[in-house]
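Single-letter residue listing:
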Amino acid sequence: METKKLLMIPGPTPVSRSIQDQMGRETVAFSDANFVNDFNYCLKELKKIVKSDGEIFVISGSGTLAMEMSLANVLRKGDNLLIISHGYFGDRFVDIAKNKGINVDVLSSEWGKTVPIDLIRETLKKKPYRAITVTHVDTSTGVKADIKSIGDMLKEFPEIIYIVDGVCATAGEEEYMDDMNIHILFTASQKAFGVAPGLLILWANEKALRARESIGTIGEYFVDFNNWLPIMHEPSKYFATPSVNLIWALKESIRLINEEGIENRFKRHELFARAYQKALEELGFRILAEEGYRANTLSNVLYPEGVEDELFRTSLATEGVQVAAGLGTFKGKMFRIGHMGNIDKHDLISSIASIERTLYKFNIDKLSIGLNIIQRELVK
Ligand SMILES: Cc1ncc(COP(=O)(O)O)c(C=O)c1O
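Parameters at a glance
Residues numbered from 1 in each chain as written. Predicted model: local features only at pLDDT ≥ 70, side-chain atom pairs only at ≥ 80, totals over all residues. Heavy atoms only, no water. Buried < 20%, exposed > 50% of the residue type's maximum accessible area, 1.4 Å probe, protein only. Helix = DSSP H or I, 4+ residues; strand = E, 2+ residues; numbered from the N terminus. Contact = heavy atoms within 4.5 Å. Polar contact = N/O pair within 3.5 Å; in protein donor to acceptor, adjacent residues only side chain to side chain. Pairing = 2+ DSSP bridges. Axes fitted to C-alpha atoms, helices over the stretch in contact; angles between N-to-C directions. Near = heavy atom within 4 Å. Areas by Shrake-Rupley, 256 points an atom, 1.4 Å probe, with all protein chains shown as cover. Nonpolar A, V, L, I, M, F, W, Y, C, P; charged D, E, K, R; others polar. Domains from an automatic or database assignment. Buried area = accessible area lost by both parts, 1.4 Å probe. Salt bridge = Lys/Arg side-chain N within 4 Å of Asp/Glu carboxyl O.

### Brief notes about helix α8 (residues 225–233)
- Restricting attention to buried positions, one finds in α8 the residues Phe 225, Trp 228, Leu 229, Ile 231 and Met 232.
- In the core, the buried residues of α8 are packed alongside α2 (33–49), β2 (55–60), α3 (63–72), β9 (184–188), β10 (199–204) and α7 (206–214).
- Put simply, Asp 224 is the residue that caps the front of α8, since its side-chain oxygen is 2.9 Å from the backbone nitrogen of Asn 226.

Here you go:
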C-alpha cells in the first residue's frame, strides 16, 4: 500500500476537507443572490484580517498577476521604483517593472540575509522614488523582512507608496496594513489561506487609490483598479467572470481563520516554525535564513554532507512527504518545506518522522531524535 503523501511544498498548501467541499459545489451564476452575499462577506472579512479600511480586490489569477497589478496602478513609465530583494521573488519585481519601462533600483541581500533599514533610508534620500516594494517572506530564501520597521521608517518619506508582497505570509505572519503603514498589500489563495491556487487578493488604501487616479489611463486592462472597483462594491455586476467556487472556498477558509482567531493563527505559525526548525537542525540540517529573520510560514533547509538533493526528495516523497527544490544558487543544496495554512501537529510530526526515515536510507541514523525535539516543543 502506498503511503499517504503530505503536500508540504510552500504552496499550494494542503486544502482542508471543508474547503474542498466548497469547490465541489454546483456552480451558480455570479449574480445569484446567495453567492453575492458570500462574496460580500469575503470582502468585508478580508479587510478586517489585515486591518484595512481601504479597498479590496479578489480576482482570478495568481500572485504574479497581483505583483503586476500593484505596480501597474500606481507607477508610470519612467517613475523611480526601489525594490528590496531578499531572493527570487524580490527579483521577479525587477523583471515586471523593467517590462513596464519603470526606472528600477534594487537593494539585494545575500540569500539568507536581509537588506539593512539604514541602507534603505539612505537610498531613498538619493532621488524622488514613487514607490518601494518589499517581499514579506521570500519563498526562495525563507527570509522574513521587518515590514513594520520599514513602514515606520517610510513615515519620513510621506510621498512614497509602500507595496508589500504578502504571497508567502498573509494570514500566517503578522501583517496589519494601517499599523504598518502599508499602502498596497497582496497575496494569493494557495498559501497561508489554504485554498487551491487561482485567486489573488489585493488591498489598496486611500493613498494608493489617489496614486491610481493621478496617473490617468493605464496600459493594462484586466488589472486596472478602475475596472474592478464597481464590482468589488457590488459583486452582482459584471466585469470579468469571478471564480465562483474558489470564492466559496475562500469564504470557508476565512471562516476557519475567524474561528481560530488571526492572532492565534500567527502564534500557531510561530510555534510550529520554531519547533520544526529546531527539529531539523537537530537532524543535521541548517536553516538558510539568519536567526531573527526566519519565516514562520516555511523553512529553507540546507542538506548535511552526503545527502544528494534529488534522491533525498524522491525518497522523502515515497516516505510520504512532498517538498520543493531549492531555487537559484541553492538548487541542489537545499529543499524548501512549507508549514503554513491549515496544517496541524499531526502533519508536523509525521513529516519529521518521514524525514528521519529518509535520512536513515542515507545511512544517517537519527531515528526519533527530531521527533523528541518537536514533541517537546509542541507541548510547551
Ligand atoms: C513571495 C512570492 N511572491 C510571488 C509569488 C508568485 O505567485 P504565483 O506563483 O501564485 O504567481 C510567489 C510564489 O510562490 C511567492 O512566494
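Next comes the rest of the write-up.
### Details of the sheet that holds strand β12 (residues 298–302)
- The antiparallel open sheet is built from four strands, whose spatial order is β11-β12-β15-β14. Here the strands that pair on one side only, and so sit at the sheet edges, are β11 (286–287) and β14 (324–325).
- Bridge count between β11 and β12: two bridges; the pairing is antiparallel. Across the sheet, Arg 286 pairs through a bridge with Leu 302, a residue of β12.
- Across the sheet, helix α10 (residues 262–282) touches β11, β12 and β15 (334–338), and the angle it forms with β12 is around 10 degrees.

### As for the site of the ligand
- Every residue near the ligand is listed here: Ser 62, Gly 63, Thr 64, Met 67, Phe 89, Thr 135, Val 137, Thr 139, Asp 165, Val 167, Gln 190 and Lys 191.
- One nitrogen or oxygen atom from the side chain of Thr 64 is found 2.5 Å from an oxygen atom belonging to the ligand.
- One nitrogen or oxygen atom from the side chain of Thr 139 is found 2.3 Å from an oxygen atom belonging to the ligand.
- Contact with the protein chains hides 88% of the accessible area of the ligand, taken as 390 Å² for the molecule alone.
- The element best represented in the shell around the ligand is α3, accounting for three residues.
- In terms of residue class, the shell around the ligand is built from four nonpolar, six polar and two charged.

### Overview of the domain arrangement of the chain
- Here the domain parsing of the chain yields domain 1 (6–13 + 261–378) and domain 2 (17–259).
- Between the C-alpha centres of domain 1 and domain 2 there is a distance of 27 Å.
- Taken together, the contact between domain 1 and domain 2 spans 28 residues of the former and 33 residues of the latter.
- Summed over both sides, the interface of domain 1 with domain 2 buries roughly 2400 Å², with 55% coming from carbon and sulfur.
- Linking domain 1 to domain 2 there are zero salt bridges.
- Elements that contribute at least two residues to the side of domain 1 that touches domain 2 include exactly α10, β12 and β15.
- When residues of the side of domain 1 that touches domain 2 are assigned to their parent elements, the largest contribution, five residues, is made by α10.
- Residue composition of the side of domain 1 that touches domain 2, by class: 13 nonpolar, 10 polar and five charged.

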